[in-house]
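Residue-level structure breakdown
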Amino acid sequence: MRRGQHHSKLAWAVGGGLLVAGIAGLASATIPHNETLWHLIAAPEEDGLWRFERIDGRDVSGVGYSVRVHWGEVSGWYNGCNYCGTSGEGMTICTLQACVEQPSDRLYFRFSRESPQMRVDGDRMVLTLPSHRAELVRFTERVI
């Protein structure tokens, strides 16, 4: 082995390790909470937070209904008053604030708890159940 060749290989190994560590650190700082790099690369287009605009043609945008979709399944929902979410073990955890019932609550609950068909077109999504349809928009944070 030539003099310095061992140090050159060691330098490349250390440099490669530092590069991988740097990328992992950057990724962990920029990836949303509870997400993995794999999810950001391979997740279905349905994944994200969605706000309900209409249910069966009725405007429900003022109520505050929303759902979180993770790996193509509804994993959390907000009815404008309480939030519920599922854990990795299949448990559902909810806040328990007393709420005034809204006219569309029963249909909203069906969309959030059953397995609706999902169709995404850009920042809009349509959920369908037998005889029912909901139109949603992707929830985006606004910087004020």
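In this text, all values refer to a predicted model and were calculated from it rather than measured experimentally.

1. Here's the deal with the overall build of the chain
A count of helical and extended segments in the chain gives three helices and nine strands. For the chain, the accessible surface area stands at approximately 10200 Å², while carbon and sulfur atoms represent 57% of it.

2. Some remarks on the nonpolar core
In terms of nonpolar packing, the biggest core is built from 19 residues, with Phe 52, Ile 55, Val 67, Met 125, Leu 127 and Leu 136 touching the most fellow members. Of all the secondary-structure elements, those providing two or more residues to this core are β1 (48-55), β3 (65-70), β4 (73-79), α3 (105-113), β7 (117-121), β8 (124-129) and β9 (132-138). Beyond its immediate chain neighbours, meaning those up to four positions away, Phe 52 contacts Val 60, Ser 61, Tyr 65, Ser 66, Val 67, Tyr 108, Phe 111, Leu 127, Ala 134, Glu 135 and Leu 136.

3. Here we look at the side chain of Asn 82
Assignment of secondary structure puts Asn 82 in the loop between β4 and β5 (83-86). Within the structure, the side chain of Asn 82 is placed 3.4 Å from the backbone nitrogen of Leu 96, a separation counted as a polar contact. When neighbours within four sequence positions are excluded, Asn 82 is seen to be in contact with Trp 77, Thr 95, Leu 96, Gln 97 and Cys 99.

4. Observations concerning the side chain of Asp 47
Here Asp 47 is to be found in the loop between α2 (37-42) and β1. Lacking a salt bridge, the buried Asp 47 has Arg 138 as its closest oppositely charged neighbour, with an N-O distance of 7.8 Å. Only 2.6 Å separates the side chain of Asp 47 from the backbone nitrogen of Trp 71, close enough to count as a polar contact.

Each value, and the rule that gives it
Residues numbered from 1 in each chain as written. Predicted model: local features only at pLDDT ≥ 70, side-chain atom pairs only at ≥ 80, totals over all residues. Heavy atoms only, no water. Helix = DSSP H or I, 4+ residues; strand = E, 2+ residues; numbered from the N terminus. Areas by Shrake-Rupley, 256 points an atom, 1.4 Å probe, with all protein chains shown as cover. Core = buried A, V, L, I, M, F, W, Y, C linked by side-chain atoms within 4.5 Å. Buried < 20%, exposed > 50% of the residue type's maximum accessible area, 1.4 Å probe, protein only. Contact = heavy atoms within 4.5 Å. Polar contact = N/O pair within 3.5 Å; in protein donor to acceptor, adjacent residues only side chain to side chain. Lys, Arg positive; Asp, Glu negative; His and termini not counted. Salt bridge = Lys/Arg side-chain N within 4 Å of Asp/Glu carboxyl O.

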